[in-house]
Amino acid sequence: MSKYSVILPTYQERRNLPIIVWLLARVFAEQHLAWEIIIVDDASPDGTLEVAKELQGLYGEDKIILKPRAGKLGLGTAYIHGLKFCTGDFVIIMDADFSHHPKFLVEFIAKQKAQNLDIVTGTRYIPGGGVYGWDLKRKVISRGANLLAKLVLWPGVSDVTGSFRLYKKPVLESLIASTQSRGYVFQMEIIVRAKAAGYTVGEVPITFVDRVYGESKLGGDEIVSYAKGIWMLFRAV
Amino acid sequence: MARRTTRQTQFLVVSTFLISLYSALYLSLIPLPISQDIKDQIVPCLPFNLLITLGSYCLWELGMGVLTFGECDEAHDELMKEIEMAKSDLRSKGISVD
C-alpha cells in the first residue's frame, strides 16, 4: 500500500496547526491510507512546537514527526529538510493556514493513480477552482502574474505559483536538487523544471480560502522578486 | 526525455528567424507574387500589428481572467464549520486549541 508524507513548514501556526493536522488525519483515515506529517517548525516564538508535541501524543510519533529548525530559514530549505525524513512513496506539500484544504487530497490521489502521474498540482484558475477573500486588486495581480509567467515561460500548467501539490517522492527529490530559488519563485521553478524534464503533471481545481487567521504578505518587494524570478527561469530552464 | 535548450535560447532562435524573414520581406529580397503597392502598405505595419495583437491578447486574458475568477463562498463556510468541529474534538482529547 502506498504511504503519503505531508511536509508542513510552520512559522507562527500555533492556532492553525492542530486543526490542519485534524483535517489531514480525517481525510487519511476516511481513505484508509498510510500517512505521516513532517512538521518543520522554524523556531516559532508562539508555541507552535509545543502544540505539535501534543499532537504527536495524540496521533502517535510514527504519524507526526517533528523536525524543527533553529531559526526562520525559509520555505525551500524547509522542504529540503523535511524531505530527508519522509518515509512515504508520495510527498504532499501544502500551506498550513487552511488556504489549502486537505479534502482535495482525495482527488489528487485518485488522479495520480488513474494516470500514474509524477506530479499533481492544485489550480485556482480552471473551472471548479476559485478563491475566497480576494478583492479586485488581488485578483488582477494574481491573473497578471500568472499571465506574465505564461507568456515568458510557457509552463504548461494553469497555476504556476500554486503550492498545493502531490509528488512521487523520487521526482521531488530530483527536482529539489536542481532548484536555485527560494520563496514562492521556488514553487514556480519546481513546476517549470518538472515540465522541462518531461515529468507528467496533472491538475485538479481547488478552492483557495485566503487567510482565515493571519495576514497576507504581498507587497511591492514581492512583485519585484517575482519578476526577477521569472527572468531567471527564462534564462536557466 | 530532457529538454536541453532553455526558453531563452528557443526565444532567440525563433525571433532571429522571424526578424530575418521580416527583413527579407521588407527589403524585397524574397520575390513574392504580391503587388508592390501591397508590400509598401502592409509590410511596414506588420511589427506594429503584432504588438497591438499581443497587447490586446494580454488585456483580454487579464480581463476575462478577473471576470471569470471562481469564487467559493461555500468553501469558506464549510471550512468555518469544520474548524469548530475540529476544535471541539481536539479539546476533548486534551489538545490546547484556542
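Preceding this paragraph is the structure being described.
To start, this report covers the structure provided alongside it. (Residues numbered from 1 in each chain as written. Chains lettered and ligands numbered in written order. Predicted model: local features only at pLDDT ≥ 70, side-chain atom pairs only at ≥ 80, totals over all residues. Heavy atoms only, no water.)

1. Thoughts on unusual backbone geometry
A negative phi angle characterises most non-glycine residues, just as the trans form characterises most peptide bonds.
Item 1. Phi angles above zero are rare outside glycine, and A:His32 is one such case at about 55°.
Item 2. One can find A:His32 in the loop between helix H1 (17-30) and strand E2 (34-41). (Helix = DSSP H or I, 4+ residues; strand = E, 2+ residues; numbered from the N terminus.)

2. With respect to the packing of aromatic side chains
Item 1. One pass over the structure, following the stated rule, counts 11 aromatic pairs over all chains.
Item 2. Between A:Phe28 and A:Trp35, the ring centres sit 5.6 Å apart and the planes meet at 10°, which makes this aromatic pair stacked.
Item 3. Connected via pairs of aromatic rings, a cluster forms that spans A:Tyr125, A:Trp134, A:Phe208 and B:Phe69.
Item 4. Seen from the ring of A:Tyr11, A:Lys72 lies directly overhead, with NZ or CZ sitting 4.8 Å from the centre.
Item 5. In this structure, A:Arg143 packs its charged tip against the face of B:Phe69, placed 5.0 Å from the ring centre. (Phe/Tyr/Trp six-rings, centres within 6.5 Å; stacked < 30°, edge-to-face > 60°. Lys NZ or Arg CZ within 6 Å of the ring centre and 35° of its normal.)

3. Thoughts on the interface of chain A and chain B
Item 1. Counting residues at the interface gives 47 residues for chain A and 38 residues for chain B.
Item 2. Together, the buried faces of chain A and chain B total about 3,700 Å²; carbon and sulfur atoms form 65% of this surface.
Item 3. In terms of surface lost to chain B, no three residues of chain A exceed A:Trp22, A:Tyr132 and A:Arg143, which account for 16% of the buried area on that side.
Item 4. The interface formed by chain A and chain B holds 3 salt bridges in total.
Item 5. Residue B:Glu82 pairs with A:Arg26 through a salt bridge whose shortest N-O separation is 2.7 Å.
Item 6. Connecting chain A to chain B are 13 residue pairs in polar contact (both at pLDDT 80 or more).
Item 7. Looking at the side of chain A that touches chain B, the elements with two or more residues in it are H1, helix H2 (48-59), strand E6 (130-132), helix H5 (136-153), helix H7 (185-196), strand E9 (207-209) and helix H8 (220-236) of chain A.
Item 8. Tallying contributions element by element places H5(A) first for the side of chain A that touches chain B, with 11 residues. (Contact = heavy atoms within 4.5 Å. Buried area = accessible area lost by both parts, 1.4 Å probe. Salt bridge = Lys/Arg side-chain N within 4 Å of Asp/Glu carboxyl O. Polar contact = N/O pair within 3.5 Å; in protein donor to acceptor, adjacent residues only side chain to side chain.)

4. Brief notes about the layout of surface pockets
Residue and element names in this part refer to chain B.
Item 1. In this model, the second largest pocket occupies a volume close to 690 Å³.
Item 2. Contributing to the lining of the second largest pocket are 21 residues, with Phe-11, Ser-15, Leu-18, Leu-50 and Leu-54 lying nearest its centre.
Item 3. Element by element, the count of residues in the lining of the second largest pocket is highest for helix H1 (residues 7-26), at 8 residues.
Item 4. Within the lining of the second largest pocket, the residues separate by chemical class into 20 nonpolar, 1 polar and no charged. (1 Å grid on protein atoms, 1.4 Å probe; cavity = no way out; pocket = protein on both sides within 12 Å on 5 of 7 lines; lining within 4 Å. Points joined across faces, edges and corners; volume = space filled by probe spheres on them. Nonpolar A, V, L, I, M, F, W, Y, C, P; charged D, E, K, R; others polar.)

5. What about the packing of H1(A) against helix H4 (residues 73-92) of chain B?
Item 1. Between H1(A) and H4(B), the shortest axis-to-axis distance is 9 Å and the interhelical angle comes to 95°. In this view, H1(A) runs roughly perpendicular relative to H4(B), as classed from their interaxial angle. Every residue of H4(B) that contacts H1(A) at A:Pro18, A:Ile19, A:Trp22, A:Leu23 and A:Arg26 is listed here: B:Leu79, B:Glu82, B:Ile83, B:Met85, B:Ala86, B:Lys87, B:Asp89 and B:Leu90.
Item 2. Class assignment for the residues of the contact of H1(A) with H4(B) results in 9 nonpolar, no polar and 4 charged. (Axes fitted to C-alpha atoms, helices over the stretch in contact; angles between N-to-C directions. Parallel < 35°, antiparallel > 145°, perpendicular 65-115°, else oblique.)

6. Re the sheet that holds strand E3 (residues 64-66) of chain A
All names here are of chain A.
Item 1. The strand order across the open sheet built from 7 strands is E3-E2-E1-E4-E7-E5-E8, with neighbouring strands paired in mixed fashion. Strands at the two margins of the open sheet, each flanked by one partner only, are E3 and strand E8 (201-205). Within this sheet the neighbouring strands show an average axis-to-axis angle of 20°, counted without direction.
Item 2. Bridge count for strand E1 (residues 3-10) against strand E4 (residues 90-93) is 4 bridges, and the pairing is parallel. (Pairing = 2+ DSSP bridges.)

7. Quick word on the pairing of E2(A)
Each regular strand displays side chains that alternate between the two surfaces of the sheet.
All names here are of chain A.
Item 1. The buried fraction of E2 amounts to 7 of the 8 residues, a majority that puts the element mostly inside the structure.
Item 2. Handedness of the E1-H1-E2 crossover: right-handed.
Item 3. Sheet topology places E2 next to E3; 3 bridges connect them, and they run parallel. In the strand pairing of E3, Ile-37 is matched with Ile-64.
Item 4. After leaving E2, the chain enters H2 and then returns to the sheet as E3, a path that is right-handed. (Buried < 20%, exposed > 50% of the residue type's maximum accessible area, 1.4 Å probe, protein only. Right-handed = clockwise from strand over helix to strand, strands pointing away.)

8. Description of the pattern of salt bridges
Item 1. Counted under the stated rule, the structure contains 10 salt bridges over all chains.
Item 2. Between B:Glu71 and A:Lys139 there is a salt bridge whose closest N-O contact spans 2.4 Å. Of this pair, B:Glu71 sits in the loop between helix H3 (46-67) and H4 while A:Lys139 is found in helix H5, placing the two residues in two different chains.
Item 3. Ionic pairing is found between B:Asp89 and B:Lys93, a salt bridge with its closest N-O pair at 3.2 Å.
Item 4. Classification of B:Lys93 by relative accessible area gives partly exposed; the value is 47%.

9. With respect to H5(A)
Residues and elements named next belong to chain A.
Item 1. Compared with the 26 Å implied by 1.5 Å per residue over 18 residues, the 25 Å span of H5 between its first and last C-alpha is a close match.
Item 2. Listed as buried for H5 are Lys-139, Ser-142, Arg-143, Asn-146, Leu-147, Ala-149 and Leu-153. Buried positions in H5, seen along its axis, are confined to an arc of 165° and lie on one side of it. H5 presents Leu-136 and Lys-137 as exposed residues on the side facing more than 90 degrees away from its buried surface.
Item 3. Positive phi shows up at Trp-154, right after H5, with a value of about 40°. (Expected span 1.5 Å × (residues − 1). Arc of directions from axis to C-beta.)

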